[in-house]
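Summary of structural features
So you can see what is in the structure, the chains are spelled out below.
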Amino acid sequence: MSQVSGDGPGAVHGDGPGAVAREFQSLVEQVFAHRHRYYELDAPTVSDDEYDALERRLREIEREHPELATGSSPTATVGGARSEMFEPVEHLERMYSLDNVFDRGELEAWAQRVENGLSAFPPMLCELKVDGLAVDLVYRDGRLQSLATRGDGRTGEDVTYNARFIASIPAQLEASDPELPVPALLEVRGEVFFPVTTFDEINAHVMEQGRTPFANPRNAAAGTLRQRVDRRLDDLADARHRREAALAAGQSADRIDQRIVRLAADAERASGQLGGLQLVVHGIGARTGFDPQAQSQSYAAVASWGLPTSRHTKVHPNLEKVMTYIDHFHEHRHDVEHEIDGVVIKVDSINDQQQLGATSRAPRWAIAYKYPAEVVTTTLEDIGVNVGRTGRVTPYGVMIPVRVAGSTVQMATLHNASEVARKGVLIGDRVFLRKAGDVIPEIIGPVVEVRDGSERAFVMPIKCPECSTQLAYEKEGDADIRCPNARTCPAQLRERLFHMAGRGAFDIEGLGYKAAVALLDCELATDEGDVFALDAAALATCPFFTRATSDGPQLSANAGLLLDQLAVARGRPLWRVLVALSIRHVGPTAAQALARTLLSMQAIVDADHDTLAGIDGVGPVIADAVIEWFAVDWHRAIVDSWRAAGVQMSDPQPELVGAATLAGLTLVVTGTLTTMTREEAQEAVAAAGAKAAGSVSQKTDYLVAGASAGSKLAKAESLGVRVLDEEQFARLLAGGPEALT
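In every chain, residue numbers begin from 1 and rise along the written sequence. Thresholds applied to this predicted model are a pLDDT of at least 70 for local features of residues and 80 or more for the giving and counting of side-chain atom pairs; totals over whole chains, interfaces and linings are not thresholded and use all residues. Note: side-chain values were computed over all heavy atoms of the structure, leaving out hydrogens and water.

**A look at the overall build of the protein**
Our working rule: What counts as a helix is a DSSP run of H or I of at least four residues, what counts as a strand is a run of E of at least two, and both are numbered from the N terminus. By definition, residues are in contact when any of their heavy atoms lie within 4.5 Å. Using the Shrake-Rupley algorithm and a 1.4 Å probe, accessible areas are obtained, with residue cover drawn only from the displayed protein chains.
In terms of helices and strands, the protein carries 24 helices and 24 strands. For the protein, restricting intrachain contacts to residue pairs at least 6 apart in sequence, the fraction spanning at least 24 positions comes to 67%. Summing over all exposed atoms, the protein offers an accessible surface of approximately 33,100 Å²; the carbon and sulfur share of this is 51%.

Okay, structure coming up:
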C-alpha cells in the first residue's frame, strides 16, 4: 500500500492510505520508550517477548513500505539511545535537482531553449540516470574529508564514517598522470547504488528467510548508507567494557553477553551491507587547482585520480544522436549493472553551463529524460477522500492490491476532482496504474473496453466528511477544493497537531497520532495553541494518559513522556517553531531562511512583503503565504499562547554572546550538552562570529564535546584539535580564546 495525502506524506490518518503510517509511528514511539526503560532505566514495563513482537512488526512494516524507513528508525539504531539526526554538512557549492522531460517533444523544447541561450547547439554529454542516492564528496589534498547526502541541496547529512566500508570510495586520490596532479580541493557529486546483481542477492537472501524483499535498489541504498555504524561500534565497545567491569566486580554478565551478541551481529550486518554499495561520479562542485573546460574532461580527470565514473557516458553533437542514445538504453535499461530510470543530458562545456545558469532548483544546462514507469492493470474498487492539515481535500483510489515497480500497491492518488473527471475513471473500472517516477502510484485511466455497466461515477463530496462544512475552491481557477473550516475541522486539527510534533518541527516524541486524537477527544486542546499549556492535572482527566492501579487512575508513562518532551520542545530554534505553525509552503528550508535572516518571530510578523520576498530561499509566493497566515487573528493567538507557555520565539542575537568574539574560528559541537541543545550551541557559535561546522578537520579550531561525543572526539584528538567541555565553551563564548588561557 502506498501513502497518499491531502498535504504531503504522512498527512493522512483514518481508514485510508495513512493507516500503515499511523501504525508505524505508534510502533516507533513504543519501541523507543521501551528501549529507554530497558537499557537506560533498567526498569522494563514489558516482557522481552512483547518487546520483540513490537520490533518484529516494525521491521515487517518497513519491509513492506520502505518509504517509511529512515535512518532514525529503531530498526536503524542499536540499544536504548534515541537516534539523533546526522551532523549537518554544508556543501561547498549547492547541489541542484534536475528538471524532467518525458517525451521527445519536451526534450526538443528544452534543447531549443539551450540553443537560444547560447546562439548555437552545443555538444551534449549523455549519461545514465542511476537509481541510487545522491551524495557529495569533498577531498582536500587528495584525502577524503567528507561524504554527505544531498539533503536540501545546501546542507546534507554527514555519513563520512560509512565511507570506509565502501570499496569504490577512495580514501586517498592518487595522480596517474604527472601532468594532471590531484587538486588541493575537489568536490564531486555522485550516486551511491546497489548493483543489480548485489541487490538481487540481497533480496534472494531476504526471501530465503521468509521476509518481504526490498522494493527497489534506491530504497535499499538510501537505508543502508544512512545507518549509524559508528554508534553501533561504540555501543559494542561500551558493552564489552561493561562486561569486563561486571566480571571484575563478581557480578553476572549474562545479560550483557546477550547484548554483545546482538550488537556484534548488528554491526557486522550493517558494515556488510555497506560493503555492497558502489559509487559513480556524475558531477563536480568546488575545486582549487583544477579548471576543466568540459564536463567530459572532468570525468576523465577524476577517473585518473581513482574515482569511479560511468563507462556508458557519451558526448553527442546533435539532438538526433542524443535521442538514439536515449532509445538505446530505454530498450537495454535492464542490461546495465545498475537500475536506471532515464538518461541525463548535460551541456558539456563548463563555460556554456555557467552562461546558462540555473533556476532556484535546477540547472538550465541539464535535463533528465525519464523513461515511462512500469504499467499494470488492476480494479479500482472505490474512491475516497482525505482532508489534510491545510484543508486540501484529495481523492484517492482504493484498488485490488497489485505489484508494480517492485512494490505492492493498493492506494493511488487522484490529485483532485478535476483530475478524476479528466481521466474518466469510474468506480469498478479496470484501470491502468503506473508508479510515476517509481515513487508515487498514479492511476493513468480506465480500460474502457472491459466495462460491463456495473461501474459508477465518483461524486466529490460537497461537504467536509469530517466537519460537514461546505467545501469550496479558495480562489477562482484553483485545482484543489478545500475545507475552509481551518479553525475547528477535526481532520485539520488532528493533522496539524500531528505535524507540529513531527521531526521537522518541534520533534515531540510523546505526541503521536493517537495522543493528538486523545487531546482533541478529551477536549484538552481546541487547537495547537493549547498544547504547551498542558500539565499533569489536565492529562489526568483523559483516559489515554492514565492507567488503572489499585489506588485508582494514575498518569501513564506516555503522559510523562509527553510532558518531558514539551519541556524540551519549548527551547527549539525559531525555524522549527515556524514549521510547526503549518504555514502553507513554509517547510524547513524556507523556515531556516526566515529565522536566519530575521532572528525573531516578531520581526517576521512585522516584515513587509518586499523584505520577506527578498530573503534567499523565500520569494514572493512564500512571502504571500506568511503575510496571509499572520493576518488571521486565531493564528496569531496560537503564537501568543506558545509564547506565554515559554516557547522560544527568537534566536540568539550576536550581542547576547559578545560581538564577534570568535570571528574567523571554526567550531564543531558534538555529543549531548546539559545547558543547551546542540542547535542552540551552534547558533551561539554563529552569533559570536565563528563557523559552526558539521565535521572535524584540520581546519577545526575547537571541538565542543558533550556526553557520548563518539567518533568526532576521537578524530579531534587524532588531529590535535583542542577539545572543550561545557564550562570551557561558556568561557570561550563570553571572552574569546583569551578566556581559555
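**Let's talk about the sheet that holds strand β21 (residues 666-670)**
This is how the line gets drawn: Pairing between two strands requires that DSSP report at least two bridges joining them. What counts as an axis is a line fitted to C-alpha atoms, over the stretch in contact for a helix, and the angles between N-to-C directions run from 0 to 180 degrees.
The four strands lie next to each other as β22-β21-β23-β24, forming an open sheet whose pairing is parallel. Each edge of the sheet is formed by a strand with only one pairing partner; in this case those strands are β22 (691-693) and β24 (722-724). Strand-to-strand twist of the sheet, defined as the mean angle between neighbouring strand axes without regard to direction, takes the value 30 degrees. In the sheet, β21 pairs with β22 via three bridges, with the strands oriented parallel. In the sheet register, Val 668 faces β22, and the bridge partner there is Ala 693. Across the sheet, helix α24 (residues 726-735) lies against β21, β23 (702-705) and β24, angled at about 100 degrees from β24, the strand it touches most.

**Looking at the packing of aromatic side chains**
Geometry of an aromatic ring pair is reported as the spacing of the ring centres plus the angle between the planes. The condition that has to hold: Only centres within 6.5 Å qualify two rings of Phe, Tyr or Trp (six-membered ring in Trp) as a pair; their planes then separate them into stacked at under 30 degrees, edge-to-face at over 60, and tilted for everything else. For every residue, the accessible area obtained with a 1.4 Å probe (protein chains only) is divided by the maximum for its type, and the residue is called buried under 20%, exposed over 50%, and partly exposed between those limits. Over a ring means this: the NZ of a Lys or the CZ of an Arg is within 6 Å of the ring centre and within 35 degrees of the ring normal.
Throughout the structure, instances matching the rule amount to ten aromatic pairs. With a centroid separation of 6.1 Å and an interplanar angle of 55 degrees, the aromatic rings of Tyr 161 and Phe 165 are classed as tilted. Residues Tyr 325 and Phe 329 carry aromatic rings whose centres are separated by 4.9 Å and whose planes lie at 55 degrees to one another, so their mutual orientation is tilted. Placement of both Tyr 325 and Phe 329 in helix α9 (residues 319-331) is noted, with a separation of four residues, approximately one turn of the helix. As far as the burial class goes, Tyr 325 and Phe 329 line up, both buried. Aromatic rings pair up to connect Phe 506, Phe 532 and Trp 642 into one cluster. If you follow Arg 164 out to its NZ or CZ, it ends over the ring of Tyr 161, 3.9 Å from the centre.

**Observations regarding the packing of helix α12 (residues 490-500) against helix α13 (residues 513-521)**
The line we're drawing: An angle below 35 degrees is read as roughly parallel, one above 145 as roughly antiparallel, one from 65 to 115 as roughly perpendicular, and any other as oblique. Working rule for handedness: look at the near helix, and if it is turned counterclockwise from the far one by less than a right angle, call the crossing left-handed; if clockwise, right-handed. In this classification, the charged set is Asp, Glu, Lys and Arg, the nonpolar set is Ala, Val, Leu, Ile, Met, Phe, Trp, Tyr, Cys and Pro, and all remaining amino acids, among them Gly, are polar.
Contact geometry of α12 with α13 gives a least axis separation of 9 Å together with a crossing angle of 130 degrees. Considering the angle they form, α12 stands oblique to α13. For the pair α12 and α13, the crossing hand works out as right-handed. Of the residues in α13, those in contact with Pro 490, Leu 493, Arg 494, Glu 495, Leu 497 and Phe 498 of α12 are Tyr 513, Ala 516, Val 517 and Leu 520. In terms of residue class, the contact of α12 with α13 is made up of eight nonpolar, no polar and two charged.

**So, the pattern of salt bridges**
Spelled out, the test is: A side-chain nitrogen of Lys or Arg and a carboxyl oxygen of Asp or Glu constitute a salt bridge if their distance falls within 4 Å.
In total, this model carries 17 salt bridges according to the counting rule given. Across the pair Glu 320 and Arg 104 runs a salt bridge whose closest N-O atoms are separated by 2.2 Å. Here Glu 320, found in helix α9, pairs with Arg 104, found in helix α3 (residues 104-118); they are 216 residues apart in sequence, far enough to count as distant. We classify Arg 104 as partly exposed; its relative accessible area is 30%. Overlapping salt bridges, with partners in common, bring together Glu 23, Arg 57 and Glu 60 in one network.

**Section: the state of the cysteines**
As a reminder of what qualifies: By disulfide we mean two sulfur atoms from cysteines, separated by a distance within 2.5 Å.
Summed over all chains, the structure comprises one disulfide. The partner cysteine of Cys 522 in its disulfide is Cys 542, sulfur to sulfur 2.2 Å. Residues Cys 522 and Cys 542 are joined by a disulfide whose S-S torsion is about 65 degrees; by sign, that bridge is right-handed. In this pair, Cys 522 sits in the loop between α13 and α14 (536-539) while Cys 542 sits in the loop between α14 and β19 (546-547), placing the two residues 20 residues apart along the sequence. A residue is classified by how much of its surface remains accessible, and Cys 542, at 1% relative accessible area, is buried. The closest cysteine sulfur to the non-disulfide-bonded Cys 467 is located on Cys 483, 3.6 Å from its own sulfur. Accessibility expressed as a relative area gives 21% for Cys 467, which makes it partly exposed.

**A few points about the environment of Glu 509**
Along the chain, Glu 509 falls in the loop between α12 and α13. Taking the C-alpha atoms as reference points, Glu 509 and Gln 565, 56 residues apart in sequence, are found 6.4 Å from one another.

**What to know about the nonpolar core**
Quick note on the threshold: Working definition of a nonpolar core: buried Ala, Val, Leu, Ile, Met, Phe, Trp, Tyr and Cys residues. They are joined through side-chain atoms within 4.5 Å.
Membership of the largest hydrophobic core comes to 58 residues, with the highest contact counts inside it found for Phe 506, Ile 508, Leu 581 and Trp 642. Contributing elements (two or more residues each) for this core: α12, α13, α15 (557-569), α16 (574-580), α17 (588-598), α18 (601-606), α20 (619-630) and α21 (633-644). In contact with Trp 642, other than residues within four places in its own chain, are Met 500, Phe 506, Glu 528, Gly 529, Phe 532, Val 577, Ala 580, Leu 581, Val 647 and Met 649. In terms of nonpolar packing, the next biggest core, distinct from the first, is built from 32 residues, Leu 173, Val 192, Ala 221 and Ala 301 among them.

**Focus on the side chain of Gln 353**
What counts, and what does not: Whenever two N or O atoms come within 3.5 Å, that pair is a polar contact, provided that in protein one can donate a hydrogen and the other can accept it, and provided that, for residues adjacent in sequence, both atoms are side-chain atoms.
Tracing the backbone shows Gln 353 in helix α10 (residues 350-356). Side-chain polar atoms of Gln 353 contact the backbone oxygen of Val 347, separated by 2.7 Å. Aside from chain neighbours lying at most four places away, what touches Gln 353 is Gln 295, Val 347, Asp 348 and Trp 365.

**Considering the side chain of Ser 556**
Locating Ser 556 in the fold gives a position in the loop between β20 (554-555) and α15. Not counting chain neighbours up to four residues away, the residues in contact with Ser 556 comprise Phe 544, Phe 545, Thr 546 and Arg 547.

**As for the environment of His 334**
Relative to the assigned elements, His 334 resides in the loop between α9 and β10 (340-347). Considered as a pair, His 334 and Val 196 are 138 residues apart in the sequence and their alpha carbons are 8.8 Å apart.

**Let's talk about the sheet that holds strand β7 (residues 185-193)**
Pairing within the open sheet is antiparallel, and its four strands lie in the order β5-β4-β7-β8. Taken across any chain shown, the strands that pair with only one partner, and hence form the sheet edges, are β5 (143-149) and β8 (278-288). Strand after strand, the sheet turns through a mean of 25 degrees between neighbouring axes, direction not considered. Sheet topology places strand β4 (residues 133-140) next to β7; eight bridges connect them, and they run antiparallel. Bridge pairing in β7 links Asp 136 to Arg 189. Of the strands in this sheet, β7 and β8 touch helix α8 (residues 295-304), which is tilted by about 110 degrees from β8.

**Side note on unusual backbone geometry**
Non-glycine residue Glu 523 carries a positive phi angle of around 60 degrees. Examined against the element boundaries, Glu 523 turns out to sit in the loop between α13 and α14. A positive phi angle, near 70 degrees, is found at Leu 599, a position not held by glycine. Note that Leu 599 resides in the loop between α17 and α18.

**Some points on α20**
Our working definition: To estimate how far a helix should extend, the number of its residues minus one is multiplied by 1.5 Å. Picture the helix axis, draw a direction to every C-beta atom, and the arc is the one those directions span.
For α20, built from twelve residues, the straight-helix expectation of 16 Å at 1.5 Å per residue is met to within 8% by its first-to-last C-alpha distance of 17 Å. Taken together, the buried positions of α20 are occupied by Gly 619, Ile 622, Ala 623, Ala 625, Val 626, Trp 629 and Phe 630. Down the axis of α20, the sector holding all buried residues measures 160 degrees, keeping them to one side. Residues of α20 that are buried in the fold lie against α17, α18, α19 (609-613) and α21.

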